[in-house]
Amino acid sequence: LINAGGKVTVFAGIGVEHARDEVLELADKLKAPVGCSLRGKDILEAENPSYVGQVGLIGNPACEHALQSCDVLLLIGTDFPYIPWYPKGKKVVQIDVSPARLGRRTHVDVGLIGHSRSTIQALLPKLDARTDTQHLEAATGRYAKWRAAQASHAEIGAHTGVIDKIEQKIDNPQGLIRPESVAAILSELS
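Everything numeric here is computed off the predicted structure, so don't read it as measured data.

Visitor: I tried to follow the pattern of salt bridges on my own but got confused; where do I start?
Guide: A side chain with one charge may pair with a side chain of the opposite charge, provided their charged atoms come close. If you walk through the whole model with that rule in mind, you get seven salt bridges. The salt bridge involving E45 is made with R147; its shortest N-O contact spans 3.6 Å. One end of the pair, E45, is in the loop between α2 (41–44) and β3 (51–54); the other, R147, is in helix α5 (residues 134–153), with 102 residues separating them in the sequence. Across the pair D79 and R105 runs a salt bridge, and its minimum N-O distance is 3.1 Å. Pair noted here: D79 is in the loop between β4 (72–76) and β5 (91–96) and R105 is in the loop between β5 and β6 (110–113), with a separation of 26 residues, a long-range link. Through salt bridges with shared partners, a single network forms among K41, E45 and R147.

Next up, the structure:
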């Protein structure tokens, strides 16, 4: 199903805690963007060229696009509970250690019961390596653009254009320090 499926997106959670390297190898082989649940963020975000963030209320449009535009969604070690955020009409492969979680949140075409690491290790030799990076580049490009826009919110005094001033009047009429600025400074100091 994965080999015949076209564009693949990986969406993972805390269940990949001991399978980070395998997830990255899988994503590289399939040229697949990697999104994650909140609990998968610490595992998958750093130094991951395929990373596109999260989906949902605290997510971003890049991850949503990666899920919506794929042909095959590969769920690994996640029980992401927000059903409306799952894409419709996709082929879905789910890897989970618990049989009770397979298909619990969205339909699953193929369910694989097992630990993420050993299941991905068994799956990798069976998968054809991809060369088409269009789906991956579209998703990671959107993510980079979104991150740049988010980072600009942290820049104190950087918004001087007419549209910036209108947005500030609506978004921050009291001219208070934005939480993004505080978080950026704390991140730099830590």
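Next, the rest of the story.
Visitor: Would you mind going over the environment of A62 with me for this structure?
Guide: Tracing the backbone through its elements, the reader meets A62 in helix α3 (residues 61–68). A62 sits in the buried class, given a relative accessible area of 1%. Here the alpha-carbon distance between A62 and G103, two residues 41 residues apart in the chain, equals 24 Å. Dropping the residues within four chain positions of it, A62 is found in contact with V52, A139, R142 and Y143.

Visitor: Explain the pairing of β4 to me, please; I cannot follow it from the model alone.
Guide: If a strand is regular, its side chains alternate between the two faces of the sheet. In terms of burial, β4 is largely enclosed, as five of its five residues are buried. Judged by which residues are buried, β4 turns out to be covered on both faces: V72, L74 and I76 on one side and L73 and L75 on the other are all buried. Pairing analysis gives five bridges linking strand β1 (residues 8–12) to β4, with the strands arranged parallel. Bridge pairing in β4 places V10 opposite L74.

Visitor: Where do I start with empty space enclosed by the protein in this structure?
Guide: Over the atoms, a rolled probe matching the size of one water molecule traces out where space is still vacant. Inspection of the entire model under this criterion finds one cavity of 30 Å³ or more. Each pocket or cavity is described by its volume, and for the largest cavity that value is around 40 Å³. Forming the boundary of the largest cavity are L75, T78, D79, Y86, Q94, R101, G103, R104, R105 and T106. Counted by class, the lining of the largest cavity contains two nonpolar, four polar and four charged residues.

Visitor: Mind showing me how you'd approach the side chain of H135 here?
Guide: Relative to the helices and strands, H135 is located in helix α5. Classification of H135 as buried rests on a relative accessible area of 9%. Residues in contact with H135, not counting those within four places in the same chain, are K7, V8, T9, P33, A66, S69 and C70.

Visitor: I keep staring at unusual backbone geometry and nothing clicks. Help me out?
Guide: Trans is the prevailing form of peptide bonds, just as negative phi is the prevailing case for residues other than glycine. For K31, which is not glycine, the phi torsion reads 55° and is therefore positive. We classify K31 as buried; its relative accessible area is 18%.

Visitor: Which parts of the structure should I look at to understand helix α4 (residues 116–123)?
Guide: Think of an α-helix as 3.6 residues a turn; residues three or four steps apart then line up on the same face. Looking at α4, one finds that the buried residues are S116, T119, I120 and L123. Axial view of α4: buried residues confined to an arc of 95°, hence all on one face. On its buried face, α4 sits against α1 (20–30), β4, β5 and β6.

Visitor: I keep staring at the sheet that holds β5 and nothing clicks. Help me out?
Guide: To summarise the sheet geometry, strands pair through backbone hydrogen bonds and adopt either a parallel or an antiparallel arrangement. Ordered by their spatial adjacency, six strands build an open sheet running β3-β2-β1-β4-β5-β6, and the pairing between neighbours is parallel. Two strands in the sheet have a free side with no partner beyond their single neighbour: β3 and β6. Between one strand axis and the next, the sheet turns by 20° as a mean value, whatever way the strands run. Looking at chain direction, strand β2 (residues 34–36) and β3 are connected through three bridges and run parallel. Paired with V34 across the bridge in β3 is Y51. Along the sheet, α1 contacts β1, β2 and β4; its crossing angle with β1, the most-contacted strand, is approximately 165°. Its contacts with the sheet place α4 against β4, β5 and β6, and it is angled at close to 130° to β5.

Each value, and the rule that gives it
- Residues numbered from 1 in each chain as written.
- Predicted model: local features only at pLDDT ≥ 70, side-chain atom pairs only at ≥ 80, totals over all residues.
- Heavy atoms only, no water.
- Salt bridge = Lys/Arg side-chain N within 4 Å of Asp/Glu carboxyl O.
- Helix = DSSP H or I, 4+ residues; strand = E, 2+ residues; numbered from the N terminus.
- Buried < 20%, exposed > 50% of the residue type's maximum accessible area, 1.4 Å probe, protein only.
- Contact = heavy atoms within 4.5 Å.
- Pairing = 2+ DSSP bridges.
- 1 Å grid on protein atoms, 1.4 Å probe; cavity = no way out; pocket = protein on both sides within 12 Å on 5 of 7 lines; lining within 4 Å.
- Points joined across faces, edges and corners; volume = space filled by probe spheres on them.
- Nonpolar A, V, L, I, M, F, W, Y, C, P; charged D, E, K, R; others polar.
- Arc of directions from axis to C-beta.
- Axes fitted to C-alpha atoms, helices over the stretch in contact; angles between N-to-C directions.

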